[in-house]
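Structural characterization, general
One-letter residues, chain by chain:
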Amino acid sequence: MPAYLLGIDNGLTVSKAALFDLEGRDVAVQGHKVALSYPRPAWVERDSEVVWQTTAAAIREAIDMAGIDPKDIIAIGNSAHGNGIYLVDKSGAPLGPGVASMDNRASDIVAEWSRPGGVLELAFPATLTNIWAAQPAALLAWFKRHRPELYQQIGHALPCKDYVKFRLTGAATSDYSDISGTSLYDSRNRRYSPELLDLYGIGDILPALPQPLESHAIAGWVTRQAAAETGLAEGTPVVGGMFDINASAVGAGVIDEGMLCIIAGTWSINEVVTRQPLVDPRILMCTLFAVPGLWLATDSSATSATNLEWFVTNFCYEENLAAEARGVSVYEVCNEIVASLPPGGTDVIFHPFLFGSNVQANARAGFYGLASWHGKAHVLRALYEGVVYGHMDHVNRLRAAGAPMSLARLTGGGARSQVWSQMFADVLELPIEVPAATEIAALGAAIAAGIGVGVYGGYEDAIRQTVRMLGRYEPQPEATPKYLARYQEYLCLLEAMREPWQRLARLST
């Protein structure tokens, strides 16, 4: 009898379901967009019921596409964006919209906590995580301060994947990878700390926090109601699941100390596996890894391949027409344009800060050094390089914190470009491997599900059976100095632009 694993992945804008065979090949993938709403300045929300209904629809459609008996799905794992928060009331019904991980309503609270000697400094030794406005710790403090009537109704306060899992199973659980990224959890001692919650002024929320489990532990079983909504078989086991950055690392086979996972997509995610926690406030966070006994040190910002999407949308009309005529992706045409110039072929520098920055909050994107002899190839190559330099900043911070690195695996939209993949190898001076799977996070979640029901003997065994590489890129010694010279100019321009960015921010208001 055939057997399948279901991996669910809820990003910020898409609810996705992917069916895999036991060798990690995707059999069917379906997804539905979920709109973000911005009801007030700095607020970013998603309709919680829509998140569930789109997930249920994606599951039904994946089962139909595969043409399988739902009883042949032997286990389910799920992942989702970390942070933000999804509240349900004491009856289990959604309590208002979900708050997305880009929300900034609690920025004033974080500013209070970030004062010298304040909450952040006191909490960091336990959480090993910097606090930002979209984290559950800050959001719950905001709800208690500004929406006390809603705060009193909270039955469960859940990360996104755990809200979806709650709708599947009726059980309020989390996993160590997700909960250790919320600043609600004492990661060093692997426990909820009443003292830590009291520090935030939300000690009374403890009963509403989900029970953390290992990512591969059985968290519950599909309920009759969830089966009716999704087409799954009632009683199908559901495992704890994982934070999507953990799921991407596992799906890429990154489970050994010194392996770096780079996600070049909407965000620049740079994460390295360590045996001991990296205790360094310069990096974004150090969390418990989905693989027991290991840690994941992460530094990230919204500075990656989405910059190219913006450029293509606004400035590549001719390239879109050429791609359509050839029957290829417009991004393939862009790759060809970039490849028409060698490393060192442009003296234009690009700061990839269209959607955010890892430098200062009001930093802006910019092309520097443009002259009349520059064409689209120079500008596009500068954009590709600038995105890699943004990743380089994060990787350098991880290195400075003591993270060992011997190999990197590249995922996300940027990994589909051979030109970009080689550029990453040359700039980071690391071998870059690109996994063959396209639904990396869903595969990571499915791997955990397979371990949970005994299909695989553990993470090493699972990855040996399911993860394959599409390509490998070695650093080119002749190219690296050319890129690093431009990276130094990139850094010099960062410093030179700090005050102009401040003035531009005042001008825009």
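Residues numbered from 1 in each chain as written. Predicted model: local features only at pLDDT ≥ 70, side-chain atom pairs only at ≥ 80, totals over all residues. Heavy atoms only, no water.

1. Quick notes on the overall build of the chain
Scanning the chain for helices and strands turns up 18 helices and 24 strands. On C-alpha atoms alone, the chain measures out to a radius of gyration of 22 Å, which is about the 23 Å that the 2.2 N^0.38 rule sets for 509 residues. Taking the principal axes of its C-alpha atoms as reference, the chain extends roughly 65 × 60 × 40 Å. When the 509 residues of the chain are sorted by exposure, 60% land in the buried category. Put simply, of all contacts in the chain between residues at least 6 apart along the chain, 72% involve residues at least 24 apart. Surface accessibility of the chain: about 19400 Å² in total, with carbon and sulfur atoms responsible for 53%. Charge-centre separation for the chain: the mean point of 38 positive side chains lies 3 Å from the mean point of 53 negative side chains. (Helix = DSSP H or I, 4+ residues; strand = E, 2+ residues; numbered from the N terminus. Rg over C-alpha atoms; globule rule 2.2 N^0.38 Å. Buried < 20%, exposed > 50% of the residue type's maximum accessible area, 1.4 Å probe, protein only. Contact = heavy atoms within 4.5 Å. Areas by Shrake-Rupley, 256 points an atom, 1.4 Å probe, with all protein chains shown as cover. Lys, Arg positive; Asp, Glu negative; His and termini not counted. Charge placed at Lys NZ, Arg CZ, Asp CG, Glu CD.)

2. Brief notes about helix 16 (residues 440-452)
For an α-helix, 3.6 residues make a turn, and residues three or four places apart therefore share a direction. Compared with an ideal rise of 1.5 Å per residue, which puts 13 residues at 18 Å, helix 16 spans 19 Å between its outermost C-alpha atoms and is within 8% of the ideal. Summarising burial for helix 16: 12 of the 13 residues are buried, a large majority. Residues Ile440, Ala441, Ala442, Leu443, Gly444, Ala445, Ala446, Ile447, Ala448, Ala449, Gly450 and Ile451 constitute the buried set of helix 16. Where helix 16 terminates, the next one or two residues include Gly454, which has phi positive at roughly 85°. (Expected span 1.5 Å × (residues − 1).)

3. With respect to the layout of surface pockets
Put simply, the second largest pocket is a space of about 150 Å³. Breaking the lining of the second largest pocket down by element, the ones donating at least two residues are helix 6 (160-169) and helix 9 (224-230). A class-by-class count of the residues in the lining of the second largest pocket yields two nonpolar, four polar and two charged. (1 Å grid on protein atoms, 1.4 Å probe; cavity = no way out; pocket = protein on both sides within 12 Å on 5 of 7 lines; lining within 4 Å. Points joined across faces, edges and corners; volume = space filled by probe spheres on them. Nonpolar A, V, L, I, M, F, W, Y, C, P; charged D, E, K, R; others polar.)

4. Here we look at the pattern of salt bridges
Evaluation of the coordinates by the stated rule reveals 30 salt bridges. Of the charged contacts in the structure, one is a salt bridge between Glu112 and Arg145, with a shortest N-O distance of 3.1 Å. In this pair, Glu112 sits in helix 2 (residues 107-113) while Arg145 sits in helix 4 (residues 136-146), placing the two residues 33 residues apart along the sequence. Its relative accessible area of 30% is what places Glu112 among the partly exposed residues. (Salt bridge = Lys/Arg side-chain N within 4 Å of Asp/Glu carboxyl O.)

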